[in-house]
Amino acid sequence: MIEEPNKHNHLPHTNLIGHYQFITFRTKESLDGYLKKLYNSNDIEKIKQYKMDRYLDQSQNGALLYGEVLDKIRDYYLGYDKNVFEIEALCIMPNHIHVLLKQNDNMTNVMRVLKGGAGHLVNKTLERKGAIWSRDYYDRAIRDEKHFWVAYEYIKFNAVKAELSDADERFYGRWG
């Protein structure tokens, strides 16, 4: 079993209530030797995340997010209390999730909802137990309107670029 990277090797998470955030998190079972190597590389965080996302788009490791699970996670996120976050765009890939949201509460609480609540749904739906998500996550504060739309388009076309047959079901966006 591959151990997860030491969380202290990464930059601190951004906690900006009232601002937009781009967040990515992965299934625990998606972590393998290649991802561990990337985690420990000296690449800049942005490059490291890009390489990880490209790899995960093609990997079947930890691919739990299909069918009914997609609908349940999407409905859970979109129905959640807007005092915590507001979803702008969401892509549920087979082994990771990208989300663009407006953070309306502390990031710890946002992540508790995104990972904890969705993890519970995945376990219940797939009749399994144990951790679903890797302990880490990537977050990036959105700097301006141009950055917002770059992140939005990335999320919108992620499943399409990965050539997933159910790409339309994997994306939600406020602006199509």
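Everything numeric in this text was worked out from a predicted model, so none of it was measured.

Parameters and conventions
Residue numbers run consecutively from 1 along every chain, following the written order of its sequence. Given that this is a predicted model, residues contribute local features only at a pLDDT of at least 70 and side-chain atom pairs are listed and counted only at 80 or more, while totals for whole chains, interfaces and linings are drawn from all residues. Hydrogens and waters are ignored; side-chain quantities use all the structure's heavy atoms. Orientation is described by lines fitted to C-alpha atoms, with helices fitted over the stretch in contact, and by angles between N-to-C directions that extend from 0 to 180 degrees. In this text, helices come from DSSP runs of H or I with a minimum length of four residues, and strands from runs of E with a minimum of two, each type numbered from the N-terminal end. Two helices crossing with the near one rotated counterclockwise from the far one by less than a right angle form a left-handed crossing, whereas a clockwise rotation gives a right-handed crossing. Contacts are residue-level and defined by heavy atoms, with any inter-residue pair within 4.5 Å sufficient. Residues are grouped as follows: Ala, Val, Leu, Ile, Met, Phe, Trp, Tyr, Cys and Pro are nonpolar; Asp, Glu, Lys and Arg are charged; every other residue, Gly included, is polar. What is meant by a nonpolar core is a set of buried Ala, Val, Leu, Ile, Met, Phe, Trp, Tyr and Cys residues, joined one to another through side-chain atoms within 4.5 Å. Exposure is judged per residue with a 1.4 Å probe applied to protein chains only, and the accessible area is read against the type maximum: over 50% gives exposed, under 20% gives buried, and values in between give partly exposed. Counted as salt bridges are all cases of a side-chain nitrogen of Lys or Arg within 4 Å of a carboxyl oxygen of Asp or Glu. Put plainly, a pocket is an open set of points on a 1 Å grid over the protein atoms alone with protein on both sides within 12 Å along at least five of seven lines, a cavity is a set where a 1.4 Å probe fits but cannot get out, and a lining residue has an atom within 4 Å of a point. Grid points are joined across faces, edges and corners, and a volume is the space filled by probe spheres set on the points.

A. Representation of the packing of helix 3 (residues 68-79) against helix 4 (residues 107-126) in the model. Relative to each other, helix 3 and helix 4 sit at 145°, their axes nearing to 10 Å. The handedness of the crossing between helix 3 and helix 4 comes out as right-handed. On the side of helix 3, the interface is formed by Glu-68, Val-69, Lys-72, Ile-73, Tyr-76 and Tyr-77, while helix 4 contributes Val-113, Leu-114, Gly-117, Ala-118, Leu-121, Val-122, Thr-125 and Leu-126. When the residues that make up the contact of helix 3 with helix 4 are grouped by side-chain class, the tally is 10 nonpolar, 2 polar and 2 charged.

B. Expanded view of the nonpolar core. Residues Ile-23, Phe-25, Leu-65, Ile-73, Tyr-77, Ile-97 and Leu-114 are the most contacted members of the largest nonpolar core, which totals 26 residues. For this core, the secondary structure elements donating two or more residues are strand 1 (20-26), helix 3, strand 2 (85-92), strand 3 (96-103) and helix 4. The biggest single contributor to this core is helix 4, with 7 residues. Counting 16 residues, the second-largest nonpolar core is a separate cluster that includes Ala-89, Leu-100, Phe-148 and Ala-162.

C. Seen up close, the pattern of salt bridges. Considering all chains together, one arrives at 6 salt bridges under this definition. Here Arg-170 makes a salt bridge to Asp-166, at a shortest N to O gap of 2.9 Å. For Arg-170, a relative accessible area of 2% puts it in the buried group.

D. Structural detail: the layout of surface pockets. Within this model, the second largest pocket holds a volume of roughly 360 Å³. As for the second largest pocket, its lining consists of Phe-22, Lys-46, Gln-49, Tyr-50, Asp-53, Tyr-138, Arg-140, Arg-143, His-147, Val-150, Ala-151 and Tyr-154. Only helix 2 (45-58), strand 4 (138-141) and helix 5 (145-161) provide two or more residues apiece to the lining of the second largest pocket. Residue composition of the lining of the second largest pocket, by class: 6 nonpolar, 2 polar and 4 charged.

E. Just unusual backbone geometry, in detail. A positive phi angle is found at Glu-127, which is not glycine, with a value near 55°. Examined against the element boundaries, Glu-127 turns out to sit in the loop between helix 4 and strand 4. The phi dihedral of Glu-163 falls on the positive side, at around 60°, and the residue is not glycine. Following the sequence through the fold, Glu-163 ends up in the loop between helix 5 and helix 6 (167-170).

What is shown is where atoms sit, not what they do.
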